[in-house]
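Here is what each chain is made of, one letter per residue.
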Amino acid sequence: MKIAVRLDDITPDMDWDRFLRFKKMMDDAYVLPLIGVVPDSRDPKLCLSRPRDDFWDFVRGMQENGWTVAMHGCHHVYTTKKGGIFPLNVQSEFAGLSLEDQDRLLKEGRRILADHGIVTDLFMAPSHSYDRNTLKALVRNGFAKMTDGFGNAPYRYQGITFYPISADRKAVLAHPEKKGVTTFVVHTNTLSEEGFAYYKEVFAKQDMLPYRELLYYEAKERTALGHAREYCMALCKRTLMAAKNRGNAAAAASRQDGRNRKQK
């Protein structure tokens with residue numbers, strides 16, 4: 001299976017050390033990713049370094065060099081606790097808002113990008129959360145594509161072409177002979193040493209696809225049944241991840257308790 005890469009949370013004040021280190025890995029492996037640029041980031045969790053003064057020049061340069069740009073929300077501030085129609089998470093900048101409010105956010109974000117010379121018709125929802133109003137507002141504002149959903153090929157739904165992300169990276173890597181294409185989602189801001197090593201191996205061994213080439217793949221219409229299956233998959237993945245996080249937290253608390261007892 002061919003693998004494309006998308007990088008989330010691209011802002012002027014992201015963790016540039018991690019990002020540039022990962023960029024070098026991609027450059028060395030000739031990986032051309034999709035980057036999700038936040039037009040006007042107001043999320044304090046994304047403020048990790050001194051803002052780069054030439055940020056917009058940098059983004060335009062990467063776009064000219066073959067990278068693909070998506071608009072990643074507008075402010076990247078979660079205003080609802082909704083998972084929408086792809087419930088990987090229970091927080092959203094868009095899902096749960098009125099059509100008018102979502103239309104306003106998309107107009108604002110697109111205007112900001114255009115003011116900096118960035119034109120794209122591809123949208124990346126913060127936390128993967130969006131609803132039917134989001135799709136209607138996207139069509140209104142000239143967006144034709146989204147990076148999200150599950151599957152091994154692009155598909156069309158509610159007037160938008162979706163380019164799916166991987167539901168199970170282990171399964172993808174275990175069966176490289178399987179036909180199709182998917183996208184691995186990377187958050188460089190939080191990438192660990194283990195994460196860098198993992199992706200270095202992936203880039204060396206797997207069939208990597210420039211994201212811009214993914215956009216030329218044929219997309220088929222997704223049925224209501226196919227969407228219902230995707231919704232259930234996202235809900236199950238969220239449930240499993242929540243259980244895993246609770247288990248990790250309990251294990252960490254137990255280890256800390258053990259250390260405390262030894263100190264007494």
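What this report covers is the structure whose coordinates are included nearby. Just so it is clear, the model here is predicted, and its values are computed rather than measured.

Each value, and the rule that gives it
- In every chain, residue numbers begin from 1 and rise along the written sequence.
- Per-residue local features are limited, in this predicted model, to residues with pLDDT of at least 70; the limit for side-chain atom pairs, both in listing and counting, is 80 or more; totals at the level of whole chains, interfaces and linings are taken over all residues.
- Each side-chain value is derived from all of the structure's non-hydrogen atoms; neither hydrogens nor water enter the calculation.
- Strand pairing is assigned whenever DSSP identifies at least 2 bridges connecting the two strands.
- A helix here means a DSSP run of H or I that spans at least four residues, while a strand means a run of E at least two residues long, and both kinds are numbered starting from the N terminus.
- Any two residues having at least one pair of non-hydrogen atoms within 4.5 Å are treated as being in contact.
- Each axis is a line fitted through C-alpha atoms, taken for helices only over the stretch in contact, and angles between the N-to-C directions span 0 to 180 degrees.
- Aromatic pairs are defined between Phe, Tyr and Trp rings, using the six-membered ring for Trp, whenever the two ring centres lie within 6.5 Å; interplanar angles under 30 degrees are classed as stacked, those over 60 as edge-to-face, and all others as tilted.
- Type-normalised accessible area, obtained with a 1.4 Å probe on protein chains alone, sets the label of each residue: buried when under 20%, exposed when over 50%, and partly exposed for intermediate values.
- The rule for a charge over a ring is simple: NZ of Lys or CZ of Arg within 6 Å of the ring centre, and within 35 degrees of the ring normal.
- Throughout, disulfides are identified as pairs of cysteine sulfur atoms within 2.5 Å of each other.
- Counted as a polar contact is a pair of N or O atoms within 3.5 Å, where, for protein atoms, one must be capable of donating a hydrogen and the other of accepting one, and residues adjacent in sequence contribute only when both atoms are in side chains.
- A pair is scored as a salt bridge if a Lys or Arg side-chain nitrogen falls within 4 Å of a carboxyl oxygen belonging to Asp or Glu.

As a further point, take the sheet that holds strand β3 (residues 68-72). Spatially, β8-β1-β2-β3-β4-β5-β7-β6-β9 is the arrangement adopted by the 9 strands of the open sheet, whose pairing is mixed. Strands with a single pairing partner mark the edges of an open sheet, and in this sheet they are β8 (181-186) and β9 (220-221). Judged from the 3 bridges that link them, strand β6 (residues 155-157) and strand β7 (residues 160-162) form a sheet pairing that is antiparallel. Each residue of the ladder has a partner; that of R156, found in β7, is T161. Strands β2 (34-37), β3 and β4 (122-124) of the sheet are contacted by helix α3 (residues 99-115), whose axis makes an angle of about 140 degrees with β3.

The next thing to look at is the packing of aromatic side chains. For the structure on display, the rule yields 17 aromatic pairs. Ring centres of F22 and Y199 lie 5.7 Å apart, and the angle between their planes is 85 degrees; this geometry places the pair in the edge-to-face category. Taken together, the residues span a long stretch of sequence, with F22 in helix α1 (residues 16-28) and Y199 in helix α6 (residues 193-205) at a distance of 177 residues. Of the two residues, F22 and Y199, neither departs from the other in class, the shared state being buried. Centre to centre, the rings of F55 and W56 are 5.0 Å apart; their planes meet at 75 degrees, and the pair counts as edge-to-face. Judged by its relative accessible area of 14%, W56 falls in the buried class. The structure contains a cluster of three or more aromatic residues connected by ring pairs, namely W16, F19, F55, W56, F58 and W67. The side chain of R169 reaches across the aromatic face of F184, ending 5.9 Å from its centre.

To continue, consider the state of the cysteines. Scanning all chains against the criterion turns up 0 disulfides. Cysteine C47 is unpaired, with the sulfur of C74 as its nearest cysteine sulfur at 17 Å. We classify C47 as partly exposed; its relative accessible area is 47%. A disulfide-free cysteine, C232 has its sulfur positioned 6.5 Å from the sulfur of C236, the nearest such atom.

Checked against the element boundaries, K145 lands in strand β5 (residues 145-146). At 2.7 Å, the side chain of K145 forms a polar contact with the side chain of D121. Contacts of K145, omitting those with residues within four sequence positions, involve D121, L122, F123, I160, T161, Y163 and L215.

Next up on the list: the pattern of salt bridges. With the rule as written, the count across this model stands at 17 salt bridges. Between K2 and D207 there is a salt bridge whose closest N-O contact spans 3.0 Å. Placement of the pair is K2 in strand β1 (residues 2-10) and D207 in the loop between α6 and α7 (211-214), with a sequence separation of 205 residues. Given a relative accessible area of 30%, K2 falls into the partly exposed group. Notably, a salt bridge pairs E221 with R156, separated by 3.3 Å at the nearest N-O pair.

Residues of helix α2 (residues 55-64) that are buried: F55, W56, F58, V59, G61 and M62. Lining the buried residues of α2 we find β1, α1, β2, β3 and α3. Directly beyond the C-terminal end of α2, a positive phi value near 105 degrees is found at G66.

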